[in-house]
Amino acid sequence: MGPDRGLPVTAVPGEDPTGAVEAKTVVDPTAAPEVAAAEVPPEILAQSLGQYLRGWWLRVRSGNSGVLPVVLAIVLVAVVFEIVTPEHAFLRPSNLVYIFGLSTVYMVLAMAEIVVLLLGEIDLSVGAVALVGGVIAFKLVQQPGPAWPWWAAILAALVCCGVIGALQGTLIARLKIPSFIVSLGGFLLFSGVLVIVLGGADGFVAVSSAVPNQSVIYYLVQGVIDPVAGWVALAVAVGAVGTTLWLRAASRRHQGLVAPPAGLTAIRIALVALIGVAVVMICTVNRGGGIVTVKGVPWVIPIVLVVLGAWTLLLQRSRFGRYVNAIGGNPEAARRAGVSLAAIRTWAFALCSATAGLGGILLGSFFYGQYSTNTQDPGQLVLYTVAAAVIGGTSLFGGRGKAIHGVLGGLLIGGIAYGVSLLELGELATPLEYIVPGGVLLAAVLVDVLSRRGARTGSVSRV
Amino acid sequence: MSAAPGEPPTGTVVDLTAAPEVAAAEVPPEILAESLGQYLRGWLLRVRGGNSGVLPVVLAIVVVAVSFQIANPKYLSPQNLVNLFEQSTVYMVLAMAEIFALLLGEIDLSVGLVMGLSAVVVAELVQPIGWGWPWWAAIIVALLFCSVVGLIQGTLVARLKMPSFIVTLGGLLILEGAAILVLGGTLVGIGNSRFTNEVVLYDIFWGRFAPVVGWVVLAVLVGTAGTVLWLRDARRRRDGLAAPPPSLTAMKIVLMTAAGIAVVAICNVNRAHYGTIEGVPYIIPIVLVVLGAWTVLLQRTRFGRYVYAIGGNPEAARRAGVSLPAVRTWGFVLAALTSGIAGVLFASWQVSLTTNIIKTANSYVLLAVAAAVIGGTSLFGGRGRTIHGVLGGLVIGGIYNGLYLLGVLSQWIDVVVAAVLLAAATIDVLSRRGAPRQS
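Residues numbered from 1 in each chain as written. Chains lettered and ligands numbered in written order. Predicted model: local features only at pLDDT ≥ 70, side-chain atom pairs only at ≥ 80, totals over all residues.

1. Topic: the overall build of chain B
Helix and strand counts for chain B stand at 19 helices and two strands. In chain B, buried positions account for 46% of the 439 residues. Expressed as a percentage of contacts within chain B between residues at least 6 apart in sequence, the contacts between residues at least 24 apart total 75%. (Helix = DSSP H or I, 4+ residues; strand = E, 2+ residues; numbered from the N terminus. Buried ≥ 20, exposed ≤ 12 C-beta atoms within 10 Å, placed from the backbone. Contact = placed C-beta atoms within 7 Å.)

2. Regarding the overall build of chain A
If you tally the helices and strands in chain A, you get 18 helices and four strands. Across the 463 residues that make up chain A, the buried fraction comes to 45%. Here the contacts in chain A between residues at least 6 apart in sequence split such that 74% fall between residues at least 24 apart.

3. Some remarks on unusual backbone geometry
All names here are of chain A. Its identity is not glycine, yet Tyr368 carries a phi of approximately 60°, on the positive side. Looking at the secondary structure, you find Tyr368 in the loop between α15 (341-366) and β4 (370-372). Residue classification places Tyr368 among the partly exposed residues on the basis of 13 C-beta atoms within 10 Å.

4. Re the environment of Val62 of chain B
Relative to the assigned elements, Val62 of chain B resides in helix α4 (residues 55-71). In this structure the C-alpha to C-alpha distance between Val62 of chain B and Tyr404 of chain B, which are 342 residues apart in sequence, comes to 18 Å.

5. Some words on the interface of chain B and chain A
At the junction of the two partners, chain B supplies 37 residues and chain A supplies 35 residues. Broken down by secondary-structure element, the contributors of at least two residues to the side of chain B that touches chain A are α8 (164-183), α14 (314-319) and α19 (410-433) of chain B. Here the side of chain B that touches chain A takes twelve residues from α8 of chain B, the largest share from any one element. A per-class count over the side of chain B that touches chain A returns 25 nonpolar, seven polar and five charged. (Nonpolar A, V, L, I, M, F, W, Y, C, P; charged D, E, K, R; others polar.)

6. Things to note about the environment of Val207 of chain A
All names here are of chain A. Along the chain, Val207 falls in the loop between β1 (204-206) and α9 (212-222). Through-space distance from the C-alpha of Val207 to that of Phe138 is 6.5 Å; in sequence the pair is 69 residues apart. Residues within four places of Val207 in sequence aside, it is in contact with Phe138, Val141, Gln214, Ile217, Tyr218 and Gly369.

7. With respect to the confidence of the model for chain B
All names here are of chain B. With 89% of its residues at a pLDDT of 70 or more, chain B shows a mean pLDDT of 83. Considering only residues more than four positions removed or in separate chains, one finds that residues 435-439, a stretch of pLDDT under 50, has four contacts. Here the complex is predicted with pTM 0.80, and the ipTM for its interfaces comes to 0.72. (pLDDT = per-residue confidence, 0-100.)

8. Thoughts on the packing of helix α16 (residues 378-392) of chain A against helix α17 (residues 403-422) of chain A
Residues and elements named next belong to chain A. Where α16 contacts α17, the axes come no closer than 7 Å and their chain directions differ by 120°. As judged from the angle between their axes, α16 and α17 are oblique. In this structure, the crossing between α16 and α17 has a hand that is right-handed. Along its contact with α16, which presents Tyr384, Ala387, Ala388, Ala389, Ile391 and Gly392, the element α17 presents His405, Gly406, Leu408, Gly409, Gly410, Leu412 and Ile413. (Axes fitted to C-alpha atoms, helices over the stretch in contact; angles between N-to-C directions. Parallel < 35°, antiparallel > 145°, perpendicular 65-115°, else oblique. Left-handed = near helix turned anticlockwise from the far one by under 90°.)

9. Regarding the nonpolar core
Counting residues in each nonpolar core, the largest one holds 248 residues, and the members touching the most others are Ala387 of chain A together with Val93, Leu94, Val122, Ala368, Ala370 and Leu421 of chain B. Considering each element in turn, this core owes the most residues, 18 residues, to helix α5 (residues 93-118) of chain A. Each residue touching Val122 of chain B, except ones within four places of it in the same chain, is listed here: Ala138, Ile139, Ala142, Leu201, Gly343, Val344 and Ala347 of chain B. (Core = buried A, V, L, I, M, F, W, Y, C linked by C-beta atoms within 7 Å.)

10. Description of helix α9 (residues 196-206) of chain B
Inspection of α9 of chain B places Asn197, Glu198, Leu201, Tyr202, Ile204 and Phe205 of chain B among the buried residues, and these make up the whole buried set. One side of α9 of chain B holds all its buried residues, which, seen down the axis, span an arc of 145°. (Arc of directions from axis to C-beta.)

11. Details of the packing of helix α6 (residues 111-125) of chain B against helix α17 (residues 364-375) of chain B
Residue and element names in this part refer to chain B. Between α6 and α17, the shortest axis-to-axis distance is 7 Å and the interhelical angle comes to 125°. One finds that α6 runs oblique with respect to α17. Contacts from Val111, Gly112 and Met115 of α6 reach α17 at Tyr364, Val365 and Ala368. In terms of residue class, the contact of α6 with α17 is built from five nonpolar, one polar and no charged.

12. Looking at the environment of Gly296 of chain A
All names here are of chain A. Along the chain, Gly296 falls in the loop between α11 (262-284) and β3 (297-298). Looking at Gly296, the number of C-beta atoms within 10 Å reads 20, which means it is buried. Excluding anything up to four places from it in sequence, Gly296 contacts Val224, Ile225, Asp226, Pro227, Gly230, Cys283 and Thr284.

13. A look at the confidence of the model for chain A
Residue and element names in this part refer to chain A. Here chain A averages 81 in pLDDT, and 86% of its residues register 70 or above. Helix α1 (residues 33-37) is the least confidently modelled element of chain A, averaging 51 in pLDDT, while α15 averages 94, the highest of any element. Scored below 50 in pLDDT, residues 1-7 shows two contacts in the model against residues more than four places distant or in partner chains. Across residues 14-24, where pLDDT falls below 50, the model places seven contacts with residues more than four positions away in sequence or in other chains.

14. Concerning α16 of chain A
Residue and element names in this part refer to chain A. The end-to-end C-alpha separation of α16 is 21 Å, in line with the 21 Å expected for 15 residues at 1.5 Å each. The buried fraction of α16 is high, at 14 of 15 residues. With its phi angle positive at about 125°, Gly393 sits one or two positions after the end of α16. (Expected span 1.5 Å × (residues − 1).)

Next comes the structure, spelled out in structure tokens:
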């Protein structure tokens, strides 16, 4: 027989069923209170932009505010520092580009740390490992000396750091020593190794912009892309990202799978374009001191975007990433589901340390290609890193975090660190350099803990 | 059936320590043992069951002493040994501070900077040109400061449920800034010549008893401690309660006396190249007082019992009515207070404090944790005693002193200490594998 003769069932999958003329109820799946508590992103359930926004607001109120706090914080910091900086110089293009450059180090390190934080662990050695990685790369391109090609030196440094991370990960994952102890020991160990590799307390290694092989590393942060090329690259990047996003959403809609509302995808593409245009414009303003012309996007910005893209893909769209999130959310459940806890944990620590090594190379480039024992305090570096990750929205308890958090948090920390140094505070300057990040870290973690009070996920198990 | 309570039934010699449950149970053999032989057997069973107490650290001390003596014959000379004691005291007190946090299953990463802040505050307050406070007022204020810091950190951890390593990490940063602020960018020195208050502070570390006074103090201390121990055990035996065998008590008293005599004798040897420097340094009795007070607090008070309970099983403690937030907060207050005491010793030791020294104070936290873990305190909570801090501090001080004597550069010393810390932590974890408790 044919279908039920009651209501004509003519709906195509994905469309609302037709009929029921008197009560044209539009079912809003995002309005259900369970949605707020559940971890299902409203973009999966929402049928329209309005529903999406309502669902998102519900999630924010229930404690899962994502990147909202850090975005607000960035705006706040920008406004406050613009007001209090002498001559309101904070938002000057030259300062902004400096902040971009400084932040990239924190961004990369924070993205490294996030992989470990997602597991519910912590890696306190990222600072020391980053510096060791940077110094290894710098040492390998020295002439006279090893004089390795720059790509080989960078690769070797990353592999070394990866091995270091794998060693720490093994101690943590297989011997079950608490991660903060292993990484604390690693921090001490590699602080010592750093001085050893540099050849003593007054050791020093530099890359020069004159030597072609070394200049590649030097220009990682200090070098710029020609402005015209910058605009072209922006257009290509935005075009590629936009097209991918649109086509993916459209194909899901076409196949009848749940997909974000079209308006949402359009807004996202517009946001990416807007930010890209703003960044390129800021970088294209001539920031040389009137004697030289310095303009263009620093190379490090696309590099960081590539890392961001790679880590987002890894954490959001690969099986490894899903396992990492699973272990962070509920390790026992992940274990029973067949995830190899030890393997994933070891790989996570290896990835974290390798990425930290990349951050260390960028740091050396940022400091004009010079590395000495005084370049950066590894302890301060790790504190800034953890602060950046947590402020960005990653939870210390595991199970919640994305690569973009590292980028936003790193930007905020870079802005705060540089902003504090711009204020001519005289005697207060050095103490504030410690107090402000410490205070910001505590505030961020407090927000993280308090926001979890509302959530019903089970990862906070403290009695 | 004519046995009095506490005595084995007539006819049979029951060796309560031989039961396999003894090894697994946390009951110390001195409660069950009826004779010295049974005690030793019970103790050996416990060691094999994973609960080795101070045995590893005592072995470590022997290994360190022997190795470094072979490498440098001057290592065990009286002059160097006193140096070693003196340098170890700061590590010992910091380790005792850290143990409060570790016993609760937490960690306090700010102990180094609390020490630094306390040192700076004390030094600034006794400055004759400036604050000019009496030494005892300066010390009290510094310790108050530290207690407040501990109160804030403890509240954040215990009531707001923030992870302790993050709270103390942030606290560490803030305290570093605060210490630099108090220092005001310059150097503050503690002289030893003219102004009384400064001299007292200076003498805390560098002063010493006259040799005769040292012997008298030793006699008094050993006499008191020995009498207390003996009378306490005798009363328990008389009341029919479980008590250690008399031979065990006697052995403990003899060991204590021997150790005391050795220390005083070593210290009384003249260790100056020119002139005379001899006698027990003041800091040794100071550290012993702290050790004694904290041991009594942890082993023989209700608070101490609650600390161990929370460290062992927080949920069980909570259901038994222990106030977790209160005990945890107090634990952090005590940790900070003890770090403050270490700060007073540190100020006296360094004599002049600069911004750089504050930065190095940060590295002491790793040594404190290493000392506590090497001494036998568990990172997971519930297991540890104040004496572990003293013994572990001695090992760390011994390693530092030995490597320094051999001319090893400080970066290599860092590497060695890190390796020792990791080894100790591994042993801690592996030793827990045998225990039937949940980890």
